[in-house]
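A structural walkthrough
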Amino acid sequence: MPRGWLLPVLCVLGFVFLYAPILSLVIFSFNASQLVTVWGGFSTRWYGELIRDTQILGAAWISLQVAFFSATIAVALGTLAAFVLMRFGRFRTRALLTGMVTAPLVMPEVITGLSLLLLFVSMEQLVGWPAGRGMTTVTIAHVTFCMAFVAVVVQSRLAGMDNSLEEAAMDLGARPVRVFFDITLPVIAPALIAGWLLAFTLSLDDLVIASFVTGPGASTLPMVIFSKVRLGVSPVVNALATIIILVVAIGVAIATWQMHRRMKETRRD
Amino acid sequence: MAALIERVAPLRWTAALLQRLGLHGRGLVVAVPVLWLLVFFLVPFLVVAKISLSEAMIARPPYAPLFEWDGWRLNVVMNLENFRYLWTDRLYINAYFFSIQVAFISATVALLIGYPMAYFIARSPEPRRTFLLMMVILPFWTSFLLRVYAWQGFLRSNGVINNTLISLGIIDTPIQMLQTNFAVYLGIVYTYLPFMILPLFANLVKLEESLLEASADLGGRPMATFFYVTLPLSLPGIVGGFMLVFIPAIGEFVIPELLGGPDTLMIGRVLWNEFFSNRDWPVASAVAIAMLVAVVVPIMILRSFQARLTEEK
């Protein structure tokens, strides 16, 4: 690749492409005018309307709850799946589990959503559970597709982990359960945190699967945003977007700074 | 833990029962994720397959049962009409090929934009490298839906781009950009660009500087070094990034719905409309099964091929 001015210019243009739309969302959230694209002076009016918008706030609360529970359960199940695949050698259902852990990663969301909805409907007919659909069914659906992502993250961490630690503990007479909780879990903890954050974000962001499997009274935040956006632009959505971007930017900046500091420390050692 | 199970009677009985079923120790640990995925991932596809063979009717749920007991006679009614309908109505075949076309072109464009960026970031000194990488990852953590919404504001007739061009005197009347196929390509390239950059970066950052120097010492011009050394070595990164954009783009629903026109029919959007607008559950299920066979199965094969390629490296 040629050196000189071309590469930096292409890179800057790429970042302009990535950030220009986000920047315009933020700028127009402070627009006094109802029209999102015509500047009518600075105002925080839309933030005031956002605080009074009970539909958005209610949906946000539902989404946060679903994301919290989905991420937590997905981390437990995904870690278990990754551990079994990496440490158990051969077992009867190995090929089946490998397939079922990787398939959700390539499955189009519309198929996952439809198939889970039809499952819930059939189960309700046959065994009476789940009675109707709502937060529980959305959480189950999110756990199922998030645990695949968690399993991938944890698997790569387990692959990079030094086996001898676990073997030493076994040689010293620790039972497998004890080895897992005292040795393996603390070592892979960063992957669990990363997996949890990934699952939380995926769940919070999902529109398609939730639309299929939810029921009355349990609209998630993406569903409410989608219905507002479909009707045309809405400055309240810009205000909401600005708050989300701010929270995420602070979070990512802190995480990067921490990572950078830790890298410096390990280099000094 | 073991002592606790011994002491409490119901726990002891449960443990004994599980042992009888062959579910103890390892088996029990394996069973938890396997059972979850069986019930909530594999069985649902059997249900979809079943309903794709039934007939639509006005009821709750809106399809006719496949099996019916008539006294001591089991009646099985399998209706293949849904699949014949998918095959004969051009809409579905066109949507399928259009989805593949959109995904392929978008992934190619994302590669052309993402490669120079990934290369530049990988060759940057610290701390600039970490900072730039953070800038690539950051949009990924913000809402996907809101980023697509941002493009609506950019592309509409009274949007940012048209307003700028008119005020600069370059055009007189706004250009129709929203609700076109162009907007769909743009939206997909935009949202999936980080997925292209990250695997490319991970690959290019491992590239040995000494190889480039050796090529230069032997008289290779920068362009020759790039095409004979860098590009072949980064092939696994290119394939990885391409797949990460191509695969989710095929089944995309939100982007064609919000940025495309009413005739921008991609297969994910067709399934959605079949289900939510037409409320035809059997046809929606048939679309899902067809998609599974024509999209997901080839992708799984391609991925195992790709895994073998990276293993050989």
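1. Some thoughts on the overall build of chain B
Scanning chain B for helices and strands turns up 15 helices and two strands. Computed over the C-alpha atoms, the radius of gyration of chain B is 27 Å, more than 25% above the 20 Å expected from 2.2 N^0.38 for a compact globule of 313 residues. When its C-alpha atoms are laid out on the principal axes, chain B stretches across 80 × 65 × 35 Å. In chain B, which comprises 313 residues, the share counted as buried stands at 39%. Residue pairs at least 24 apart in sequence account for 69% of intrachain contacts in chain B once pairs closer than 6 positions are excluded.

2. Section: the overall build of chain A
Along the backbone of chain A there are eleven helices and zero strands. Counting from the amino terminus, chain A carries its helices and strands in the arrangement α-α-α-α-α-α-α-α-α-α-α. Dimensions along the principal axes, computed over C-alpha positions, put chain A at roughly 75 × 65 × 35 Å. Relative to all contacts within chain A whose residues are 6 or more apart in sequence, the contacts with residues 24 or more apart total 74%.

3. Here's the deal with the interface of chain B and chain A
Facing the 74 residues of chain B at the interface are 63 residues of chain A. Its residues assigned to classes, the side of chain B that touches chain A comprises 59 nonpolar, twelve polar and three charged.

4. Some remarks on the confidence of the model for chain B
When pLDDT is averaged along chain B, the result is 86; 95% of the residues meet or exceed 70. On the interface metric, ipTM, the complex scores 0.88, and its pTM is 0.89.

5. Section: the domain arrangement of chain B
Residue and element names in this part refer to chain B. As far as domains go, chain B holds domain 1 (1-52) and domain 2 (82-312). Of note, the centres of domain 1 and domain 2, computed from C-alpha atoms alone, are 40 Å apart. Contacts between the two partners involve four residues from domain 1 and, on the opposite side, seven residues from domain 2. When grouped by side-chain class, the residues that make up the side of domain 1 that touches domain 2 number three nonpolar, one polar and no charged.

6. A few points about the packing of helix α9 (residues 181-204) of chain B against helix α12 (residues 235-250) of chain B
All names here are of chain B. Put simply, α9 and α12 touch, their axes get as near as 8 Å, and they point 155 degrees apart. By the angle between their directions, the pair α9 and α12 is classed as roughly antiparallel. Crossing hand, α9 versus α12: right-handed. Contact residues: α9 offers Ile188, Tyr192, Phe195, Met196, Pro199, Leu200, Ala202, Asn203 and Leu204, while α12 offers Pro236, Gly237, Ile238, Gly240, Gly241, Leu244, Val245, Pro248 and Ala249.

7. Quick look at the pairing of strand β2 (residues 73-76) of chain B
A regular strand places its side chains so that they alternate between the two faces of the sheet. Residue and element names in this part refer to chain B. In terms of strand pairing, strand β1 (residues 67-70) meets β2 through four bridges, oriented antiparallel. Residue pairing in the sheet places Phe67 in a bridge with Val76 of β2. Hairpin connection, β1 to β2: the antiparallel pair is bridged by two residues, and Gly71 has positive phi, about 65 degrees.

8. Brief notes about the packing of helix α3 (residues 54-87) of chain A against helix α8 (residues 176-205) of chain A
The relative placement of two packed helices is expressed as an angle between their axes plus a distance between the axes. Residues and elements named next belong to chain A. In the contact formed by α3 and α8, the axes pass within 8 Å of each other and the chain directions differ by 140 degrees. It follows from the interaxial angle that α3 and α8 lie oblique. Between α3 and α8 the crossing geometry is right-handed. For the pair α3 and α8, contact is made by Ser63, Val66, Ala67, Ser70, Ala71, Ala74, Val75, Gly78 and Thr79 and by Leu192, Gly195, Trp196, Ala199, Phe200, Ser203 and Leu204, respectively.

9. Thoughts on the nonpolar core
Counting 152 residues, the largest nonpolar core has Ala74, Ala81 and Leu114 of chain A together with Ala118, Leu271 and Val287 of chain B as the members making the most contacts within it. Two domains each donate at least three residues to this core, and these are domain 1 (1-52) and domain 2 (82-312) of chain B. Each residue touching Leu271 of chain B, except ones within four places of it in the same chain, is listed here: Val110 and Leu114 of chain A together with Ala284, Val287 and Ala288 of chain B.

10. Digging into the environment of Ala118 of chain B
All names here are of chain B. Counting through the fold element by element, Ala118 comes out in helix α5 (residues 90-123). Residues Ala118 and Leu235 lie 117 residues apart in sequence; the distance between their C-alpha atoms is 13 Å. In this structure Ala118 touches Ile197, Leu200, Phe201 and Leu204, once residues within four positions along its chain are discounted.

11. Describing unusual backbone geometry
All names here are of chain B. Here the bond from Glu126 into Pro127 is cis, since omega is 0 degrees, no more than 30 degrees from zero. Considering the arrangement of structural elements, one finds Pro127 in the loop between α5 and α6 (128-141). With a phi angle near 60 degrees, Gln179 is a residue other than glycine that sits in the positive phi range. Tracing the backbone shows Gln179 in the loop between α8 (160-167) and α9.

12. Re the environment of Asp280 of chain B
Residues and elements named next belong to chain B. Relative to the elements of secondary structure, Asp280 occurs in the loop between α14 (267-276) and α15 (281-312). The class for Asp280 is partly exposed, based on 18 C-beta atoms found within 10 Å. Once the C-alpha coordinates of Asp280 and Glu55 are considered, the two residues, 225 residues apart in sequence, prove to be 9.3 Å apart. In contact with Asp280, not counting residues within four places along its chain, are Ala56 and Glu274.

13. Some points on helix α7 (residues 144-155) of chain B
All names here are of chain B. Taking 1.5 Å of rise per residue, the twelve residues of α7 would be expected to cover 16 Å, and the 17 Å separating its terminal C-alpha atoms lies within 8% of that figure. Counting buried positions along α7 yields eleven of twelve residues, so the element is predominantly enclosed. The set of residues buried in α7 consists of Leu145, Leu146, Arg147, Val148, Tyr149, Ala150, Trp151, Gln152, Gly153, Phe154 and Leu155.

Conventions used here
- Residues numbered from 1 in each chain as written.
- Chains lettered and ligands numbered in written order.
- Predicted model: local features only at pLDDT ≥ 70, side-chain atom pairs only at ≥ 80, totals over all residues.
- Helix = DSSP H or I, 4+ residues; strand = E, 2+ residues; numbered from the N terminus.
- Rg over C-alpha atoms; globule rule 2.2 N^0.38 Å.
- Buried ≥ 20, exposed ≤ 12 C-beta atoms within 10 Å, placed from the backbone.
- Contact = placed C-beta atoms within 7 Å.
- Nonpolar A, V, L, I, M, F, W, Y, C, P; charged D, E, K, R; others polar.
- pLDDT = per-residue confidence, 0-100.
- Domains from an automatic or database assignment.
- Axes fitted to C-alpha atoms, helices over the stretch in contact; angles between N-to-C directions.
- Parallel < 35°, antiparallel > 145°, perpendicular 65-115°, else oblique.
- Left-handed = near helix turned anticlockwise from the far one by under 90°.
- Pairing = 2+ DSSP bridges.
- Core = buried A, V, L, I, M, F, W, Y, C linked by C-beta atoms within 7 Å.
- Expected span 1.5 Å × (residues − 1).

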